Amino acid sequence: MHLDAIRGRQVLVDGAFRPATLLLRDGRIAAIEPFGVVPDGAVLDAPDGAFVLPGVVDTHVHVNEPGRTEWEGFRSATEAAARGGVTTLVDMPLNAIPPTTTVEHLELKRAAAQGQSIVDVGFWGGAVPGNGADLEPMWEAGVFGFKCFLSPSGVDEFPPLDRSEFLAALGEVARFGGLMIVHAEDAAILADAPAPASRSYRDFVSSRPDASEVAAIEQVIDGARQTGARVHVLHLSSARALDVIADARAEGLRLTVETCPHYLCFSAEQIPDAAPEFKCCPPIRDAGNRDALWQALDEGLIDCVVSDHSPSTVAEKRRGDGDLQQAWGGVSGLQVGFSAVAHEAARRGIGLDRVSRWMSRNTADLVGLDRKGRLEVGADADVVIHDPTATLHVEAARLAHRNPISAYDGLRLDGRVTSTVVRGRLVAGPDLDPTFGRLLSRPDHGDDR
């Protein structure tokens, strides 16, 4: 259903909520008028208590197609996104086979996504040993930046960079003005940490110590200092790294940082043993750590919140029969991440305007999508309606994710997404069109939108 207008009494415009009518034309916001304006055509009226927000821009999603489509795929992932208020996602270069480490592999990714995407989709490239010559061609082909690991990724086809390889890749990315995004855990510290076969969640956390994140982030910062590269720390888990991040910011280095809903909504104390749905790397840490991450968001030290949706089959998740060293590491949360963060934020007295900035505006800015993540004239008409008076009872089996296992299973959240609009089209209703989503490239490469 294509819309001509969206009206609400709490519309997020210029950082504040006010009554307004969004007039839409050709998939964009053509004008923002007073609420009392009665537009012609198809109008979506938000319930009186609901909030009208820019669509969520999730820049950290593992779709896994091609190659591991049984783990997830563009059709299932983009449906989950639409139902959860995500109007744009950026796909990670792993765990697909082949990984997105060359232009040829990027084209295979795009071919897999074509005609299977309900929301708009962009792509990260990957930096792995030996592909330094492939980075600039991928940048010229429109990827938003390059992901690398400083420790094993969990899949053999996407190996980590050692110190010299990382510095060389950073120098290359700096040369053409790209962005390096880093899974920051130190391989040597992880190798020295005790990692016994165990069903104990405490043992699993001990096997991924805070020191591994701090040391790796220090390495990222030092590399940025040496090369001048723009760098981004993925899925920050440990609050102990916040001081070195603050110092790097004060130094003027081009460093941004994200965290994830599972680090903000769960704590180690509440996670049962032998529950692989909560296993992720780096791990969910204690409640005090979680509070410090919220404070860093509030202070602007952490820039954005993304899902790091990293699903697998149920069999992979349950590999080892509760042994958390064997189970696949990753949390499935694409469909519920925004509502979960909104719920926890409200509990802490934080408004949806802040949540929207972390999950829509700041993520769009990270990848240069200046027509996404905001409700303003000329922006894409990507809109989510969130009703705080409705209750979301999360049932993993009813999520659009391909595999029915999620850390959020069983939660009751205050508030849920009731409508999602992508470029003026209502997409989360009964008629889901997998041909509507566009494949995005970096805007300075060429506007595919």
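Residues numbered from 1 in each chain as written. Predicted model: local features only at pLDDT ≥ 70, side-chain atom pairs only at ≥ 80, totals over all residues. Heavy atoms only, no water.

Novice: Requested: an account of the sheet that holds strand S13 (residues 255-259), with residues and values cited.
Specialist: Strand order in the open sheet formed by six strands is S9-S10-S11-S12-S13-S14, and the pairing between neighbours is parallel. What marks the edges here is a single partner per strand, and that holds for strand S9 (125-126) and strand S14 (304-305). Where strand S10 (residues 146-149) and strand S11 (residues 179-183) come together, four bridges link them in parallel fashion. When the bridges of S11 are listed, Phe149 appears paired with His183. (Pairing = 2+ DSSP bridges. Helix = DSSP H or I, 4+ residues; strand = E, 2+ residues; numbered from the N terminus.)

Novice: With reference to specific residues and values, describe the state of the cysteines.
Specialist: Enumeration according to the criterion identifies zero disulfides in this entry. The thiol of Cys148 is not disulfide-bonded; the next cysteine sulfur, from Cys281, is found 16 Å away. Judged by its relative accessible area of 0%, Cys148 falls in the buried class. There is no disulfide at Cys304, and the cysteine sulfur nearest it, in Cys260, is 9.2 Å away. (Disulfide = S-S within 2.5 Å. Buried < 20%, exposed > 50% of the residue type's maximum accessible area, 1.4 Å probe, protein only.)

Novice: Provide a residue-level description of the pairing of strand S8 (residues 120-123), including the pertinent values.
Specialist: Consecutive residues of a regular strand have side chains that alternate between opposite faces of the sheet. Where burial is concerned, the two faces of S8 agree: the one with Asp120 and Gly122 and the one with Val121 and Phe123 are both buried. As paired strands, strand S7 (residues 86-91) and S8 are joined by four bridges and run parallel to one another. Across the sheet, residue Asp91 finds its bridge partner in S8, namely Phe123.

Novice: Describe unusual backbone geometry, listing the residues and the values that go with them.
Specialist: Looking along the chain, the bond that leaves Glu65 and enters Pro66 is cis, with omega of 0°. Position of Pro66 relative to the elements: it lies in the loop between strand S6 (56-61) and helix H1 (74-83). Omega for the peptide link from Ile97 to Pro98 comes to 0°, which places this bond in the cis form. By the element assignment, Pro98 lies in the loop between S7 and helix H2 (103-113). You will see that Asp14, though not glycine, has its phi angle at about 55°, which is positive. Mapped onto the elements of the fold, Asp14 is located in the loop between strand S1 (5-13) and strand S2 (16-25). In this structure, Asp308 takes a positive phi of about 45° despite not being glycine. Judged by its relative accessible area of 7%, Asp308 falls in the buried class.

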